[in-house]
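Spelled out from the first residue to the last, the chains are:
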Amino acid sequence: MKTVFRPLFILLFTLPECVLGQSTPALSLLTLDRIHNSAEFRQAFNMPIQWINDGEAYVRIERDKLGRQILVKYSLPELSREIILTSQDLVPKGEGNPINIEAIHFSDNESLALIFSNSSRVWRANTKGDFWLFDFSDRALKKVGKSFPESSLMFAKLAPDNHLIAYVNQFNLYLEDRETGKITQITQDGGEGIINGTFDWAYEEEFGLRDGFLWNQTGTKIAFWNLDASQVGTFFMINYTDSIYSRPIPLQYPKVGQDPSDCKIGIYNLQRKATEWIPLEPINGQHYLPGMQWVNEHVVLIQQLNRLQNTLFVWTYDTRTKELKNVYSEKEETWIDIRNLDISSDWEIEPLPLVEENQAFLRLSETDGWRHLYKIHIETGAKTLLTPGAYDVASLNKVIDGYAYLYASPQDNSRRQLYRVSLGGAGELEAITPKNHPGINAYDISPNAQYAKQSYSSVLSPNKVNLVSLPDHQTIQTLVDNQQFEEKISTLQLPDIDFSTVTTAEGIEMDVRMIKPANFDSTQTYPVLFHVYGEPAGQTVLDRWIGMWDIFLAQQGYVVIDIDNRGTPSLKGKDWRKSMYRKVGILNPQDQAAAAQELLKLPYLDSEKTAIWGWSGGGNTTLNLMFKYPGLYKTGIAVASVTNQLLYDNIYQERYMGLPQQNMQDYIEGSPVNHAKNLEGNLLIIHGTNDDNVHYQNFELLVNELIKYDKQFDMMIYPNRSHGIYEGRNTRKHLYTLIADYLAEHLK
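Residues numbered from 1 in each chain as written. Predicted model: local features only at pLDDT ≥ 70, side-chain atom pairs only at ≥ 80, totals over all residues. Heavy atoms only, no water.

### Re the overall build of the protein chain
Now for step 1: Helix and strand counts for the protein chain stand at 13 helices and 44 strands.
Now for step 2: Whereas a compact globule of 748 residues would reach a radius of gyration of roughly 27 Å, the protein chain reaches 27 Å, a difference of no more than 12%.
Now for step 3: If one aligns the C-alpha atoms of the protein chain with their principal axes, the spans along those axes are about 80 × 65 × 65 Å.
Now for step 4: Burial statistics for the protein chain: of 748 residues in total, 59% are counted as buried.
Now for step 5: Long-range pairs, those at least 24 residues apart, make up 58% of the contacts in the protein chain between residues at least 6 apart in sequence.
Now for step 6: Put simply, the protein chain shows about 30600 Å² of open surface, and 49% of that area lies on carbon and sulfur atoms. (Helix = DSSP H or I, 4+ residues; strand = E, 2+ residues; numbered from the N terminus. Rg over C-alpha atoms; globule rule 2.2 N^0.38 Å. Buried < 20%, exposed > 50% of the residue type's maximum accessible area, 1.4 Å probe, protein only. Contact = heavy atoms within 4.5 Å. Areas by Shrake-Rupley, 256 points an atom, 1.4 Å probe, with all protein chains shown as cover.)

Structure (structure tokens):
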């Protein structure tokens, strides 16, 4: 068992008077008011930085003495500071107030900057807004696409020669001449279900794809995605509160078993003013195209998945010869993970890193039973294993100067450290993160790989941010130390936290994180709260800052337990992760219940005072455990749950469950609504009516089923709230007060 001890500054406050030589201050208790309605426990977070000058400098948004935004440049290694954009620079001509910088992107020569402002939400992210072009030579600020309505442009980007700006408006692609302002419309069919240069709801949510077009290296061509969602069904959410009449909110959303959007890739030639379509045939009539990038000014690299997502093809298309060539393929019995980012938390899909002067690409693959990094030669298909060994690569960070920088944790599944490995194929991992930085580490590495912004935390140590040199990892400057926050939490009763494992009667060993009340006494008994996710999209047993909510729960006297069952994206090999195929809602509750039964044999856990709670996929698991293992958990709280798997989106659910047309019984067995008749104990279900991810429909179908079988339960509806249930004044405090009160009523 690995025990995480409280830091020294915390222990000092718990030593007896005779040791300190003076009176010890009383340790305080949290309230939800202190957490949600005050700034008392707010961590400091470092603003994102943007590397410039090939990594010899970076810029970040700061505030001047009057609280107005400015853009500041820091040159390395001396960290000399220079304001390169003042608040006055951000005032448009003829106006009195500066625009607000939400994101900024520099031209290749860094003489121009595109500023994103006034954003609004499209599907689940704020990707639509206004763009302003700032010219550093004459300090001029010009609005891009000024003839279009406010907050209506997406993904504006300069051509490599800075002459043209491309962007999306109303699902069509446009070009704008930077000097004259002349606008040329590239695509004509956007709208009415046709999407150019961006994506539908499912592609954004499940592949993390938003920006859907790319300039080639010479600015002579633009490659872009085109989706036809015209046959995708429309789901209507209802707004009851903003008018005396209800208002439907339409959302094109492909449910499980329903056909996905048709997808193709076009190449617009600026010289010919024409689009050619890459002749890539769907696989058995349907496919996904989750990856596309330029290899050089003429050749595009494309990733193609079949609908079942168990077959991957990588193609090249040469715009000169019109040759479409398959350069790599991969098959799995279950599903293929095409992400290079962290399998435990991230879902965005990054381009395949190109190496060896763009003659090869890197891919994380599980073909040998572990998640390893491979180098694949584009011309020959030759495949080189770069990370041999019985361990998983969690994610790939950056490739530069002959090295791949990646995250792994061969000795401790709950942590993430930065390593690098040579692209030559030697396979020796070189640790970059020092041993005194446990927990979860994340790095933003400079283009020249000489510097990085490092962020890290562990269970009882909040987020810290350093600017470090690489590869020696010397701290140049601490950007965020959160010292005031640490001093504040040191005045609280803090829990003890254990990392361990539990072995079930089946012989399955699972990772466990146990948060115990302060001054834990193993001779006493404590009520138990299991927190669960349990699906393939997330790992919970991680050594990262636990947050104020879990500290609050421990102060209330609960032992809070997380367990990672089979199928969760832990770094334990492919067989562990892929064991859940076609068993979502079947295997995860089985493992969770078996682990809970073993843990509840511990003498200090009160098996008569047990509760479980989870959100989203964790809500699904909670419901299945309450219904399939009645009596094991006396109380359940399920937030924003998928109650019937047929109601979720096709990309996610079919990836892990297959097509319902082929294995409907698995969907029936894995869906909580089909087992609601077995409910015993106390159940609270919670949902937002405008949840565009897990539709409110799930909630009402479960309510109907519980009523049908005369099962009493508690429920809370949050009007017009989305999947995160955060919109509106006081919403989060109300939600967590509801949960806390329910636990107190039934566990204490």
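After that view, the rundown keeps rolling.
### Brief notes about the confidence of the model for the protein chain
Now for step 1: This prediction gives the protein chain a mean pLDDT of 93; 95% of its residues lie at or above 70.
Now for step 2: Within the model, the stretch residues 1-24 combines pLDDT values under 50 with 36 contacts to residues more than four positions away or in other chains.
Now for step 3: In the model, residues 343-347 has pLDDT below 50 throughout and makes 21 contacts with residues more than four positions away in sequence or in other chains. (pLDDT = per-residue confidence, 0-100.)

### A look at the sheet that holds strand E27 (residues 372-377)
Sheets are built from strands that pair by backbone hydrogen bonding, the pairs being arranged parallel or antiparallel.
Now for step 1: In space, the four strands of this open sheet follow the order E25-E26-E27-E28, with antiparallel pairing throughout. One side of each edge strand has no neighbouring strand; the edge strands of this open sheet are strand E25 (354-355) and strand E28 (383-385).
Now for step 2: The pairing of E25 with strand E26 (residues 360-365) spans two bridges and is classified as antiparallel. Note that in E26 the partner of Leu354 across the bridge is Phe361. (Pairing = 2+ DSSP bridges.)

### Some words on the layout of surface pockets
Now for step 1: The volume enclosed by the second largest pocket comes to roughly 550 Å³.
Now for step 2: Contributing to the lining of the second largest pocket are 21 residues, with Arg121, Val122, Trp123, Pro250 and Leu251 lying nearest its centre.
Now for step 3: Of all elements in the fold, only strand E17 (234-239) and strand E18 (247-252) reach the threshold of two or more residues within the lining of the second largest pocket.
Now for step 4: In terms of residue class, the lining of the second largest pocket is made up of nine nonpolar, seven polar and five charged. (1 Å grid on protein atoms, 1.4 Å probe; cavity = no way out; pocket = protein on both sides within 12 Å on 5 of 7 lines; lining within 4 Å. Points joined across faces, edges and corners; volume = space filled by probe spheres on them. Nonpolar A, V, L, I, M, F, W, Y, C, P; charged D, E, K, R; others polar.)

### With respect to the pattern of salt bridges
Now for step 1: Across all of its chains, the model carries 39 salt bridges by this definition.
Now for step 2: A salt bridge links Arg81 to Glu62; its shortest N-O distance comes to 2.8 Å. Here Arg81 is found in strand E5 (residues 80-85), whereas its partner Glu62 is found in strand E3 (residues 57-63), with 19 residues between them in sequence.
Now for step 3: By relative accessible area, Glu62 is classed as buried at 14%.
Now for step 4: Between Arg139 and Asp89 there is a salt bridge whose closest N-O contact spans 2.7 Å. Of this pair, Arg139 sits in the loop between strand E8 (128-135) and strand E9 (140-143) while Asp89 sits in the loop between E5 and strand E6 (103-106), placing them 50 residues apart in sequence.
Now for step 5: When its relative accessible area of 14% is taken as the criterion, Asp89 is described as buried.
Now for step 6: Salt bridges sharing common partners tie together Arg121, Arg124, Glu205 and Asp692. (Salt bridge = Lys/Arg side-chain N within 4 Å of Asp/Glu carboxyl O.)

### Some details on the packing of helix H10 (residues 650-657) against helix H11 (residues 660-670)
Now for step 1: The contact between H10 and H11 brings their axes to 11 Å, and the two run at 75°. In terms of their interaxial angle, H10 and H11 are classed as roughly perpendicular. Contacts between H10 and H11 involve Gln653, Glu654 and Met657 on the former and, on the latter, Pro660, Asn663, Asp666 and Tyr667. (Axes fitted to C-alpha atoms, helices over the stretch in contact; angles between N-to-C directions. Parallel < 35°, antiparallel > 145°, perpendicular 65-115°, else oblique.)

### Thoughts on the nonpolar core
Now for step 1: Judged by nonpolar contacts, the single largest core of 59 residues is most densely connected at Tyr203, Phe207, Trp225, Ile302, Val314 and Phe361.
Now for step 2: Elements that contribute at least two residues to this core include exactly helix H4 (201-207), strand E16 (221-228), strand E19 (262-269), strand E21 (287-294), strand E22 (299-306), strand E23 (311-318), strand E24 (324-331) and H10.
Now for step 3: Considering each element in turn, this core owes the most residues, five residues, to E22.
Now for step 4: Grouped together as the second largest cluster of nonpolar side chains are 42 residues, Ile35, Trp545, Ile686 and Leu743 included. (Core = buried A, V, L, I, M, F, W, Y, C linked by side-chain atoms within 4.5 Å.)

### Description of empty space enclosed by the protein
Now for step 1: Applying the stated criterion to the full structure yields five cavities of 30 Å³ or more.
Now for step 2: The volume enclosed by the largest cavity comes to roughly 80 Å³.
Now for step 3: Along the wall of the largest cavity there are twelve residues; nearest its centre are Trp335, Asp337, Arg339, Pro536 and Arg577.
Now for step 4: Of the residues belonging to the lining of the largest cavity, the class tally is five nonpolar, two polar and five charged.

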